[in-house]
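Each chain, written out:
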Amino acid sequence: MTSTGLLPEGLRDRLPPQAEAASRLLHRVIVAIGRNGYARVAPPIAEYEDELVGRLKRTRARDLFRLIDPVSQRTLAFRPDITAQLGRIAATRMAHRPRPLRLGYGGPVLKLRASQLRPQRELIQAGAELIGSDSVAAASEVLGVAIEALEVAGVTGLTIDLTLPDLVEALAAGPLPLPPGRIEAVQAALDAKDAGGLGPLGAEAYLPLIEAAGPLEAALARLRALPFADVLASRLDGVEAIGRAFAGRAALTLDPTERHGFEYQSWLGFSLFAEGLAGEVGRGGTYAIHRADGQEEPAVGFSLYLDPLVDAGLGQEARRHVFVPHGSDPVAAAALRTAGWTTLAALSPDDAAPKGCTHILRDGAPFPIEG
Ligand SMILES: N[C@@H](Cc1c[nH]c[nH+]1)C(=O)O
């Protein structure tokens, strides 16, 4: 077969300068997360399928990129999300560490399918998980770390979209009963803002939830005025407290029925958007980790998606490239590298400075190249 250099759909090469920007951004974000006390763990790119499926609610094997491991003859899956791996680590190898357990991570993930908004299947994910609590204080801490990490990466103009992922389940189990088989269909109609779809499902009472979406304060006021508001009170109080904590740092909205992408989150979910960046730059929320003894452990965390930042040109630095003519003192060139310069050495006496060099090494020091 002649090789064409083609790559499979949804997979791409990062070339200079984006490849370097990507690793620089990942490094900055992970350092920011670590400085908040989240110790880094580095799980593998693939693991046994059942470990990835069993740990968090509603993860489905058919959504995973799977393969048979010729060595163990078992089904492996590439991780589509590092959060599930941290769930495994927290529930097994770090089960006996004191709580709250704060862990950070970053690396590539592989999705089975690309989305319309994001045609890539391999994405760089970095994030933090706080295991042992899903309180308002824990959620505020985690959201604060996410914002700080994005700011360190150069992101500005943040919007936080808050959502209540398990709201329909809570209402269906209380004041707005639904037949058991209908919950998912109602969730889907609400997620699609399909008001007309609610009637045939016998779920008209859910309509005000679609209408409540909007800027945080207005949405909260509308939700608090609903006849079943008492069931929502603790969730709304939590969201309000979070809103107060971040009012100056980001624009805040609340869409109580937004569910897409929040398959395993519980009372709180959030998506992060930023000016000039395509799609979401991060997402997170509260959830539960299934432990081997059948117990559930509360947790809250976030994942940032760094590709939109790289695509927008963040993480690139001004070039400081010094051409090192043939026969120059290697010690002088090494000293420049130590001082943060990039050196490009001539291979022969005839080599001229390659395009892109900003300086030339002369008498042991960098001189600017004209033009
Ligand atoms: N890993 C989730 C976000 C998340 C992290 N922790 C809890 N939720 C995602 O990428 O959608």
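Residues numbered from 1 in each chain as written. Predicted model: local features only at pLDDT ≥ 70, side-chain atom pairs only at ≥ 80, totals over all residues. Heavy atoms only, no water.

Asks: Where do I start with the side chain of Thr-163 in this structure?
Replies: Relative to the helices and strands, Thr-163 is located in strand 7 (residues 158-163). Its relative accessible area of 1% is what places Thr-163 among the buried residues. In this structure the side chain of Thr-163 is engaged in a polar contact, spanning 2.7 Å, whose partner is the backbone oxygen of Glu-258. Sequence-distant contacts of Thr-163, defined by excluding residues within four places in its chain, comprise Leu-254, Asp-255, Pro-256, Thr-257, Glu-258, Phe-262, Trp-267, Leu-268, Gly-269 and Phe-270. (Helix = DSSP H or I, 4+ residues; strand = E, 2+ residues; numbered from the N terminus. Buried < 20%, exposed > 50% of the residue type's maximum accessible area, 1.4 Å probe, protein only. Polar contact = N/O pair within 3.5 Å; in protein donor to acceptor, adjacent residues only side chain to side chain. Contact = heavy atoms within 4.5 Å.)

Asks: Which parts of the structure should I look at to understand the pattern of salt bridges?
Replies: In a structure, side chains of opposite charge can pair up when their charged atoms sit close to one another. Evaluated as defined, the whole model comprises 24 salt bridges. The residue Glu-317 makes a salt bridge to Arg-24 at a minimum N-O spacing of 3.6 Å. Taken together, the positions of Glu-317 in the loop between helix 11 (307-311) and strand 13 (321-324) and Arg-24 in helix 1 (residues 18-35) put the pair 293 residues apart, joining distant regions of the chain. Among the ionic pairs, Asp-63 bridges to Arg-113, the shortest N-O distance being 3.8 Å. Within this pair, whereas Asp-63 is found in the loop between helix 2 (49-54) and strand 3 (66-68), its partner Arg-113 is found in the loop between strand 5 (101-110) and strand 6 (122-131), the two being separated by 50 residues in sequence. Classification of Asp-63 as partly exposed rests on a relative accessible area of 27%. Connected via shared salt-bridge partners are Arg-12, Arg-14, Asp-307 and Asp-311. (Salt bridge = Lys/Arg side-chain N within 4 Å of Asp/Glu carboxyl O.)

Asks: Explain unusual backbone geometry to me, please; I cannot follow it from the model alone.
Replies: Peptide bonds are trans in most cases, and residues, glycine excluded, mostly fall at negative phi. Across the junction of Pro-16 and Pro-17, the peptide omega takes the value 0 degrees, indicating a cis bond. Looking at where Pro-17 falls in the secondary structure, it is placed in the segment before helix 1. Cis rather than trans, the peptide bond between Arg-99 and Pro-100 has omega equal to -5 degrees. On the secondary structure map, Pro-100 appears in the loop between helix 3 (82-91) and strand 5. Notably, Gln-73 is not glycine yet its phi reads approximately 65 degrees, a positive angle. Here Gln-73 lies in the loop between strand 3 and strand 4 (75-78). Under the relative-accessibility criterion, Gln-73 is labelled exposed at 60%. Within the chain, Asp-363 stands out as a residue other than glycine whose phi angle is a positive 50 degrees.

Asks: How should I be thinking about the site of the ligand in this particular structure?
Replies: Taken together, 14 residues lie near the ligand, and Asp-81, Thr-83, Arg-283, Ser-303 and Tyr-305 sit nearest. Note that a nitrogen atom of the ligand is positioned 3.0 Å from one of the side-chain N or O atoms of Tyr-264. Within the contact set of the ligand, a nitrogen atom lies 2.9 Å away from a side-chain nitrogen or oxygen of Gln-265. Relative to its free-state accessible area of 300 Å², the ligand is covered by the protein chains to the extent of 98%. Residue assignment for the shell around the ligand shows that the elements contributing at least two residues are strand 6, strand 11 (282-290) and strand 12 (296-305). Of the residues assigned to the shell around the ligand, the class counts are 4 nonpolar, 7 polar and 3 charged. (Near = heavy atom within 4 Å. Areas by Shrake-Rupley, 256 points an atom, 1.4 Å probe, with all protein chains shown as cover. Nonpolar A, V, L, I, M, F, W, Y, C, P; charged D, E, K, R; others polar.)

Asks: When you look at the confidence of the model for the protein chain in this model, what are you seeing that I'm missing?
Replies: Residues shown with low pLDDT carry predicted positions that ought not to be read at fine detail. Confidence in the prediction of the protein chain, expressed as mean pLDDT, is 95, and 99% of residues score 70 or more. Two numbers describe this predicted complex: its pTM, 0.95, and its ipTM, 0.99. (pLDDT = per-residue confidence, 0-100.)

Asks: What is the right way to look at the sheet that holds strand 9 (residues 251-254) in this model?
Replies: Sheet strands line up and pair through hydrogen bonds in the backbone, either parallel or antiparallel. The strand order across the open sheet built from 9 strands is 1-5-6-12-11-10-7-9-8, with neighbouring strands paired in mixed fashion. Each edge of the open sheet is held by one strand with a lone partner, namely strand 1 (39-40) and strand 8 (214-215). Of the strand pairs in this sheet, strand 6 and strand 12 are connected by 7 bridges, and their pairing is antiparallel. Each residue of the ladder has a partner; that of Gly-127, found in strand 12, is Ser-303. Across the face of the sheet, helix 1 comes into contact with strand 1, strand 5, strand 6 and strand 12 while running at roughly 5 degrees to strand 6. Together, strand 5, strand 6, strand 7, strand 10 (269-274) and strand 12 form the strand contacts of helix 4 (residues 136-152), whose direction differs from that of strand 12 by roughly 15 degrees. (Pairing = 2+ DSSP bridges. Axes fitted to C-alpha atoms, helices over the stretch in contact; angles between N-to-C directions.)

Asks: Help me out: how do you make sense of the sheet that holds strand 14 (residues 342-345) in this one?
Replies: Ordered by their spatial adjacency, 4 strands build an open sheet running 14-13-15-16, and the pairing between neighbours is mixed. With partners counted over all chains shown, the strands left at the sheet margins are strand 14 and strand 16 (365-368), one partner each. Each adjacent strand pair in this sheet contributes to an overall mean axis angle of 40 degrees, direction not counted.

Asks: Would you take a moment to explain the packing of aromatic side chains for this structure?
Replies: Taken as a whole and assessed by the stated rule, the structure comprises 2 aromatic pairs. Taking the centre distance of 5.7 Å and the plane angle of 85 degrees together, the rings of Phe-65 and Phe-78 count as edge-to-face. Of this pair, Phe-65 sits in the loop between helix 2 and strand 3 while Phe-78 sits in strand 4, placing them 13 residues apart in sequence. Given a relative accessible area of 25%, Phe-65 falls into the partly exposed group. Consider the rings of Tyr-264 and Tyr-287, whose centres lie 5.6 Å apart with planes at 75 degrees: the pair is edge-to-face. Placement of Tyr-264 in the loop between strand 9 and strand 10 and of Tyr-287 in strand 11 is noted, with a sequence separation of 23 residues between them. An identical accessibility class is assigned to Tyr-264 and Tyr-287; each is buried. Positioned above the aromatic ring of Phe-367 is the side chain of Arg-362, whose terminal nitrogen or guanidinium carbon lies 5.8 Å from the ring centre. (Phe/Tyr/Trp six-rings, centres within 6.5 Å; stacked < 30°, edge-to-face > 60°. Lys NZ or Arg CZ within 6 Å of the ring centre and 35° of its normal.)

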